[in-house]
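Coordinate analysis (summary)
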Amino acid sequence: QYFYLVNLKKENVHLKERLAQLEQELSFYVEESVRFHRLKAQLEFARKNTFSTQFADVIGQSLDSYHRTLFISLSRSEGIKRNFAVMLQEGVVGRIQSVSNSHSSVQLILDQRMRFPAMIQRTRGKGIVFGTHDGVELRQISRREKIKVGDRIVTSGLSGIFPKGLLVGTIRHIKSQEHALFQIAQIQTAVDFEKIEGVFVVANQNLSLRLNAQ
């Protein structure tokens, strides 16, 4: 009976180890499946659009709430340059801020230093997107613009960085004072910045040449 109990204990230990191994393998395969379906949708988007894009994995992020940046796997050797646009199928992510021999940093549109022109898709009215501590706002909107909650905000193509027509987000709140010259719209971004695992870099040589000429 003693030897039986010893062998039973050894068998239980072996089974627990095997179970832990199988759970780890299952977690790996589930993760790979989720990643596959996420990438499949994004790559299908890249195949259909007219931009020249390169896909990059996110390998790090800034923990500073003021400087909102990501670090991606593409580097100088892949032809990545400063101010190339960064996007996803859902919309605008940011711009290439710096490039090294091992990786690149992306300044997100949430960054409080970020500014770029955009427009209300429905009315064609113009404004400037500002990164804020709480998200993104469209400022300097003329008081004559009849904007409303739910209006889509897209890039105007005037920044020299983002191609025209990329979705930034939708208006979720409008701030307007009686005697103010402009309106301010708070934007619900199209991209969920808490769930980014990979991005597309828009390698547009024409945009790069324009920026270098300025």
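Residues numbered from 1 in each chain as written. Predicted model: local features only at pLDDT ≥ 70, side-chain atom pairs only at ≥ 80, totals over all residues. Heavy atoms only, no water.

**Considering the packing of aromatic side chains**
When we look at a pair of aromatic rings, we describe it by the centre distance and by the angle of the planes. Quick reminder of the rule: For this analysis, a ring pair means two rings from Phe, Tyr or Trp (six-membered ring only for Trp) whose centres lie within 6.5 Å, classed as stacked if their planes differ by under 30 degrees, edge-to-face if by over 60, and tilted for the remaining angles. Secondary structure elements follow DSSP: runs of H or I no shorter than four residues count as helices, runs of E no shorter than two count as strands, and numbering proceeds from the N terminus. Ring-over charges, as used throughout, are those where CZ of Arg or NZ of Lys falls within 6 Å of the ring centre and within 35 degrees of the ring normal.
Enumeration according to the criterion identifies two aromatic pairs in this entry. Ring geometry for Phe55 against Phe200: centres 5.3 Å apart, planes inclined by 70 degrees, an arrangement best described as edge-to-face. One end of the pair, Phe55, is in strand β1 (residues 53-61); the other, Phe200, is in strand β12 (residues 198-202), and 145 residues separate them in sequence. Positioned over the ring face of Phe130 is Arg139, at 4.4 Å from the centre of the ring.

**Topic: the sheet that holds strand β11 (residues 182-189)**
This is how it is decided: DSSP bridges decide pairing: two strands pair if at least two such bridges lie between them. Note on method: axes are straight lines fitted to C-alpha atoms, helices fitted across the in-contact stretch only, with angles between N-to-C directions ranging 0 to 180 degrees.
With antiparallel pairing, the six strands of this closed barrel are ordered in space as β6-β7-β8-β11-β10-β9. With direction set aside, neighbouring strand axes in the sheet form an average angle of 40 degrees.

**Topic: the confidence of the model for the protein**
Which entries qualify depends on this criterion: Scored from 0 to 100, pLDDT records how confident the predictor is in each individual residue. Contact criterion: two residues are considered in contact whenever any of their non-hydrogen atoms come within 4.5 Å of each other.
Summarising the model, the protein shows a mean pLDDT of 84, and 81% of its residues fall at 70 or more. Contacts for the low-pLDDT stretch residues 207-214, under 50 throughout, to residues beyond four places or in other chains number 10 contacts.

**Points about the sheet that holds β1**
Overall, antiparallel pairing links the six strands, which are arranged β1-β2-β5-β4-β3-β12 in a closed barrel. For this sheet, the mean angle separating the axes of adjacent strands, direction not counted, is 45 degrees. With three bridges joining them, strand β3 (residues 85-87) and β12 adopt antiparallel strand pairing. Following the sheet pairing, Ala85 is matched in β12 by Val202.

**With respect to the pairing of strand β5 (residues 104-108)**
Along any regular strand the residues' side chains alternate between the sheet's two faces. Here is the rule we go by: Burial here depends on accessible area, computed with a 1.4 Å probe over protein chains only, as a share of the maximum for the residue type. Under 20% is buried, over 50% is exposed, and the range in between is partly exposed.
For β5, a buried count of five out of five residues is recorded, marking the element as mostly surrounded by other parts of the structure. Neither face of β5 is exposed, since Ser104, Val106 and Leu108 on one face and Ser105 and Gln107 on the opposite face are all buried. As judged from the four bridges shared by strand β2 (residues 69-72) and β5, these two strands associate in the antiparallel manner. Counted as the bridge partner of Ile72 is Ser104 from β5. Here strand β4 (residues 92-99) runs beside β5; their pairing, made up of five bridges, is antiparallel. Bridge pairing in β5 links Ser98 to Ser105. In textbook terms, the turn of a hairpin is the stretch between consecutive antiparallel strands, and for β4 and β5 this stretch comprises four residues.

**Section: the environment of Gln183**
Test applied: Any N or O atom pair separated by 3.5 Å or less is treated as a polar contact, with the protein-specific requirement of one donor-capable and one acceptor-capable atom, and with residues adjacent in sequence counted only for side-chain atom pairs.
Considering the arrangement of structural elements, one finds Gln183 in strand β11. Distance in space between the C-alpha atoms of Gln183 and Gln140 is 6.2 Å, their sequence separation being 43 residues. Filtering out sequence-adjacent residues up to four positions away, Gln183 remains in contact with Leu138, Arg139, Gln140, Ile141, Ser142, Arg143, Glu145, Ile147, Ile174, Lys175 and Ser176. Among the polar contacts made by the side chain of Gln183, one reaches the main-chain carbonyl oxygen of Ser142 at a distance of 2.8 Å.

**Structural notes on unusual backbone geometry**
Positive phi, normally seen in glycine, also occurs at Asn83, with a value near 75 degrees. Within the secondary structure layout, Asn83 lies in the loop between β2 and β3. The backbone of Gln140 sits at a positive phi, close to 60 degrees, despite the residue not being glycine. Relative to the helices and strands, Gln140 resides in strand β8 (residues 136-142).

**Describing the pattern of salt bridges**
The condition is simple: Here a salt bridge means any side-chain nitrogen of Lys or Arg lying within 4 Å of a carboxyl oxygen belonging to Asp or Glu.
Taken as a whole and judged by the stated rule, the model has five salt bridges. A salt bridge links Asp151 to Arg122, with the shortest nitrogen-to-oxygen separation between them at 2.9 Å. Taken together, the residues span a long stretch of sequence, with Asp151 in the loop between β8 and β9 (152-155) and Arg122 in the loop between β6 (115-120) and β7 (126-131) at a distance of 29 residues. Exposure remark for Asp151: the relative accessible area of 4% places this residue in the buried category. Since its relative accessible area comes to 44%, Arg122 is described here as partly exposed. One continuous salt-bridge network, built from bridges that share partners, spans Glu137, Arg139 and Lys175.

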